[in-house]
Amino acid sequence: MKKLRLTFPLLIALAGAPAFGQTGAPAAPPTLMREHAEREAFIDDLMKRMTVDEKIGQLRLLSVPAGANPDKPRLIAEIRDGKVGAIFNTVTPKDIRVLQDAAMQSRLKIPLFFAYDVIHGQRTIFPIGLGLASTWNLDAIRKVGRISAIEASADGLDVTWSPMVDISRDPRWGRNSEGFGEDTYLTSRMGAELVKAYQGDDPTAPGSILAVVKHFAAYGAIEGGRDYNSVDMSLQRLYQDYLPPYKAALDAGAAGVMIALNALNGVPATADKWLLQDVLRKQWGFKGITISDHGAILEMIRHGVAADGRDAARLAITAGADMSMSDSIYGENLRPLLDEGRISVADIDRAARDVLRVKYDLGLFRDAYRHIGPPENDPPDVNAESRLHRADAREVARESLVLLKNEGKVLPLKKQGAIAVVGPLAKSQRDVMGNWSAAGRPEQAVSVYQGIADAVAGKASLLYAKGANVTDDPEIVKYLNLYEQDVEVDPRPPQQLIEEAVQAARQADVVVAVVGESQGMAHEASSRTDIVIPESQARLLKALKAAGKPLVVVLMNGRPLSLVWENENADAMLETWFAGTEGGNAIADVLFGDYNPSGKLPMTFPRSVGQIPLYYNHLNTGRPFDPEHPDKYTSRYFDAPNGPLFPFGYGLSYTTFSVSDVTLSAPTMPRGGKVQASVTVRNTGDRDGATVVQLYIQDPVASISRPVKELKHFQKIALKAGESRKVVFDIDENDLSFFNAQLRYGAEPGLFNVYVGLDSQDVKQASFTLR
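Residues numbered from 1 in each chain as written. Predicted model: local features only at pLDDT ≥ 70, side-chain atom pairs only at ≥ 80, totals over all residues. Heavy atoms only, no water.

Some words on helix α8 (residues 184-199)
Put simply, the test is: Helix and strand labels come from DSSP, where a helix needs a run of H or I of at least four residues and a strand needs a run of E of at least two; each type is numbered from the N terminus. Under the convention used throughout, the expected extent of a helix is 1.5 Å for every residue step, that is, one less than its residue count. Exposure is judged per residue with a 1.4 Å probe applied to protein chains only, and the accessible area is read against the type maximum: over 50% gives exposed, under 20% gives buried, and values in between give partly exposed. For this analysis, a polar contact is any N or O atom pair within 3.5 Å, provided that within protein one partner can donate a hydrogen and the other can accept it, and provided that sequence-adjacent residues contribute only side-chain to side-chain pairs.
For α8, which comprises 16 residues, the first-to-last C-alpha distance of 23 Å matches the rise-based estimate of 22 Å (1.5 Å per residue) to within 8%. Where burial is concerned, most of α8 is hidden: 13 out of the 16 residues are buried. The distance from a side-chain oxygen at the start of α8 to the backbone nitrogen of Y185 is 3.1 Å, and the residue carrying that oxygen is D183. Remark: G200 follows α8 within two positions and exhibits a positive phi of approximately 65 degrees.

See below:
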């Protein structure tokens, strides 16, 4: 048994670099220290002049009333009275200016900040989170963040509720679509780069917005994949797998934290002093703002920890929830709680200071209209085509596509003959954008059909048939359309739709079936008990297969799906997620070979829902299943093949790559040192292409059971046909460290295995020893 060397106590290991507005170690440069001192002096003076009610007003984050005739006069009156701190859900400079004007008529003229869910683009919509993660390209992530910030800032926004870095290993959860998948390291890297791209070098400058990381903490681990459900896990797993991405985003400078809706180990996160004070403030040294999720404070009554709204407000403010999102609970209850002595002035002052810091760091006290700009700069048409970044959206979307199968090199297609494009999602401009599509306009999005039509114009003939509705279940349709028109239902009988599609298929040389989920099926409050393609579309695919023509399945979805039949029967499968404004063009680029796919899966694809949770970096057991020697008394299912359909990190190309054996620079690593692992990657095919070289580490003998492997590094490289390149990774002691049973962080001496490959399963192995 190894003896753990406790080189990093928990507090130090989690401290890291200071986040936006933090004052912890390491020491800030003199200029930054001076700026912080000036900020604190300004806020000190302002706080002395504020009444208790004005301080409470700063803690209220309100949504602009929706509908044809929203009650804006009431909202404006509250702003003028100093009873509102910030606004979300308004996205045009003209509308924002009206509300900021009201703030400038308040007694102390404290400006509002304006926030929105800019998750994967503002006007130009990029691929959903799972699609962005599938690029494995940090440059692409930076581009998405920078353009999103530029467009959001131009609309007058100051803050985004992003990045979403919840680790999830349950495809049933609808909000998988927003995040970056199952892996701690990949999610941490993606989230940190987005934060830096949003905020830029100067968050006060036009073209920059502040990031609020969410949902703190462990929202993606909800039981049963059922949204808003509870989370119950060991602190060891929490620290090892689920907390690091939030910490990485804060170390990158994120200004704020959105608190999760779920309860963690029995305590709603919004009332969790340990989470919001001990971990976030004391261990991590965070000095930014914390914001409840939508209505979460009032929901503590239903959680069963608060007797009424006043009790809930008390729990939230004393736990450390600075701002209350979209309810009146702070406005109605904090003053009575103070008068009753159930909370202190210090509770209110602490929260108000955090809000004022954000506004100061945004430069709003110097110019409340800094991001809005003067009225004469308002765009005549906020939805103008000239405001979009189409070329960038197309470039990123192409990288997000994952080729899952390509039997007999059916792809790329030729731009000739007759092509049948079928499926309920083929012509959908709304679905190709995906959920949380901010201010994106469906009429500006390129559908898959349109992308294909543009690609083959004058060269091939296209046949189209819808073939099926997204679902034929009237209850599901009713649910999805409850708040907005998510699914359009063709009233014709299902068999008539299928017959029309089969007729088109018989006249074509190849069939492209665009199937999967509507964007609303992979959204907040859209958990599923099963993860198959809906039955209406499954029947369509079976009929198309029987037509006897090559079948290319183009998937649109926001979660891993069970695709056993599809994988066995389709000639090719392309995972496109929801690819954004330029999705149709990007998909056509890959289908016809104008771009060689390079995406890799950020989540494991199970064979069936019964395997969930299924993720690559699991712990071993005392009786692990060995597919080479399948024994009865091992950890396995007996009614289906074990293991994933498609593993984490998997993705094909139109070319092929080989990876050499792993070479290590030394057989041992000294404490504080490093070892280099290198491989030679060769493009062995006849096309130029890109791939992702992935390095995993295993600690086979430790004081606690460790994962079979964990991603620690990756590089995306492009190689010309026949070209080879040496890829080198630096492995240091941090790559070997983990939280032990006492939540102490460090690396244990002994043997470590290094795995390098192009996905998490097909790898080459070498080993070294840490002294």
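Re the pattern of salt bridges
To be explicit about the condition: A side-chain nitrogen of Lys or Arg and a carboxyl oxygen of Asp or Glu constitute a salt bridge if their distance falls within 4 Å.
Evaluated as defined, the whole model comprises 54 salt bridges. Residue R237 is joined to D241 by a salt bridge in which the shortest nitrogen-to-oxygen separation is 3.9 Å. Here R237 and its partner D241 are both found in helix α9 (residues 235-242), four residues apart, which amounts to about one turn of the helix. Exposure remark for R237: the relative accessible area of 31% places this residue in the partly exposed category. D241 sits in the buried class, given a relative accessible area of 10%. Residue E443 pairs with R441 through a salt bridge whose shortest N-O separation is 3.0 Å.

A word on the sheet that holds strand β15 (residues 551-556)
Short version of the rule: For two strands to be treated as a pair, DSSP must find no fewer than two bridges joining them. Interaxial angles span 0 to 180 degrees and are taken between N-to-C directions of axes, which are lines fitted to C-alpha atoms, for helices over the stretch in contact.
The strand order across the open sheet built from six strands is β11-β16-β15-β14-β12-β13, with neighbouring strands paired in mixed fashion. What marks the edges here is a single partner per strand, and that holds for β11 (402-406) and β13 (461-465). Adjacent strand axes in the sheet meet at a mean angle of 15 degrees, parallel and antiparallel pairs treated alike. The pairing of strand β12 (residues 418-422) with strand β14 (residues 510-516) spans four bridges and is parallel. Residue pairing for β14: A420 is matched across the bridge by V511.

Here we look at a negative patch on the surface
Here is the rule: Patch membership needs two things, relative accessible area over 30% and no salt bridge, and members are linked within 9 Å if like-charged or within 5 Å if nonpolar (Val, Leu, Ile, Met, Phe, Trp, Tyr). Residue-level accessible areas treat just the shown protein chains as cover; the underlying method is Shrake-Rupley with a 1.4 Å probe. In this tally, Asp and Glu contribute negative charge and Lys and Arg positive charge; neither His nor the terminal groups of the chain are included. Taken as the charge centre is NZ of Lys, CZ of Arg, CG of Asp or CD of Glu, depending on the residue.
Residues E35, E38, D201 and D202 make up a contiguous surface patch of negative charge. The topology assignment puts D202 in the loop between α8 and β5 (210-216).

Quick word on the domain arrangement of the protein
The following threshold applies: Each domain's extent is set by a domain assignment, obtained either automatically or from a database. Once two parts are joined, some of their accessible surface, as seen by a 1.4 Å probe, is lost; buried area is that loss totalled over both.
Its domain assignment divides the protein into domain 1 (55-377), domain 2 (402-598) and domain 3 (657-770). Taking the mean C-alpha position of each, domain 1 and domain 2 sit 35 Å from one another. Each partner contributes to the roughly 2,100 Å² buried at the junction of domain 1 and domain 2, and carbon and sulfur atoms together form 56% of this total. Interface area lost by domain 1 to domain 2 is led by I125, P171 and R172, which between them contribute 25%. In this structure, the connection of domain 1 to domain 2 is made through one salt bridge. Across the salt bridge formed by E524 and R175, the nearest N and O atoms sit 3.5 Å from each other. Residue contributions to the side of domain 1 that touches domain 2 peak at three residues, all from helix α6 (residues 129-135).

Concerning the environment of D626
Its place among the elements puts D626 in the loop between α23 (583-591) and β17 (657-659). Judged by relative accessible area, which is 32%, D626 ranks as partly exposed. Along the backbone, D626 and M669 are 43 residues apart, and their C-alpha atoms lie at a distance of 31 Å.

Comments concerning the pairing of β5
Formally: Orienting the strands away from the viewer, one traces the path from the first strand over the helix to the second; a clockwise path indicates a right-handed crossover.
Of all the seven residues making up β5, seven are buried; the element is thus mostly covered by neighbouring parts of the structure. For strand β4 (residues 159-160) and β5, the ladder comprises two bridges, and the chain directions are parallel. Bridge pairing in β5 places T160 opposite A211. What joins β4 to β5 is α8, and the crossover it makes is right-handed. Taken together, the three bridges between β5 and strand β6 (residues 256-259) define a ladder with parallel strand orientation.

A look at the packing of aromatic side chains
What counts, and what does not: What counts as a ring pair is set by centres within 6.5 Å for rings of Phe, Tyr and Trp (its six-membered ring), and what kind of pair is set by the plane angle: stacked under 30 degrees, edge-to-face over 60, tilted for all other angles. Charge over a ring is defined by NZ of Lys or CZ of Arg lying within 6 Å of the ring centre and within 35 degrees of the ring normal.
Inspection of every chain in the model, using the stated rule, returns 19 aromatic pairs. Ring centres of W136 and F648 lie 5.5 Å apart, and the angle between their planes is 55 degrees; this geometry places the pair in the tilted category. One end of the pair, W136, is in the loop between α6 and α7 (138-154); the other, F648, is in the loop between α23 and β17, and 512 residues separate them in sequence. You can call W136 buried: its relative accessible area is 1%. The class of F648 is buried, set by a relative accessible area of 0%. Over the aromatic face of Y615 sits the side chain of R169, whose NZ or CZ is 4.4 Å from the ring centroid. The lysine or arginine in question, K214, covers the ring of W436, its NZ or CZ lying 5.9 Å from the ring centre.

A look at α23
Side chains of residues three or four places apart in an α-helix project in the same direction, reflecting 3.6 residues per turn. Test applied: A contact between two residues is defined here by any heavy atoms of the two lying within 4.5 Å.
In terms of residue burial, α23 counts as a mostly covered element, since nine of its nine residues are buried. Listed in full, the buried residues belonging to α23 are G583, G584, N585, A586, I587, A588, D589, V590 and L591. Where α23 is buried, its residues meet α16 (390-400), α17 (429-433), α18 (448-456), β14, β15 and β16 (572-575). Looking one or two residues past α23, G593 carries a phi angle of roughly 80 degrees, positive in sign.

Examining the sheet that holds strand β27 (residues 763-770)
An order of β19-β27-β26-β21-β22 is seen for the five strands of this open sheet, with the pairing classed as mixed. What marks the edges here is a single partner per strand, and that holds for β19 (668-669) and β22 (710-719). Relative to β22, strand β21 (residues 689-698) runs antiparallel, the two being bridged by nine bridges. Bridge pairing in β22 links G689 to L719.

Thoughts on the pairing of β6
Covered by surrounding structure in β6 are G256 and M258 together with V257 and I259, the residues of both alternating faces. As paired strands, β6 and strand β9 (residues 289-291) are joined by three bridges and run parallel to one another. The residue bridging M258 from the neighbouring strand is I291, located in β9.

Describing the nonpolar core
For clarity, the cut-off: Nonpolar cores are built from buried Ala, Val, Leu, Ile, Met, Phe, Trp, Tyr and Cys residues. Side-chain atoms within 4.5 Å join them into one set.
Judged by nonpolar contacts, the single largest core of 133 residues is most densely connected at I87, F113, W161, F216 and Y330. By residue number, the principal contributor to this core is α7, which donates seven residues. Two domains each donate at least three residues to this core, and these are domain 1 (55-377) and domain 3 (657-770). Among all residues touching W161, those that are not within four sequence positions of it are L61, F88, A115, Y116, D117, I119, V212, K214, M258, I291 and M325. In this structure, L401, A460, L551 and A570 belong to the second largest nonpolar core, which totals 74 residues.

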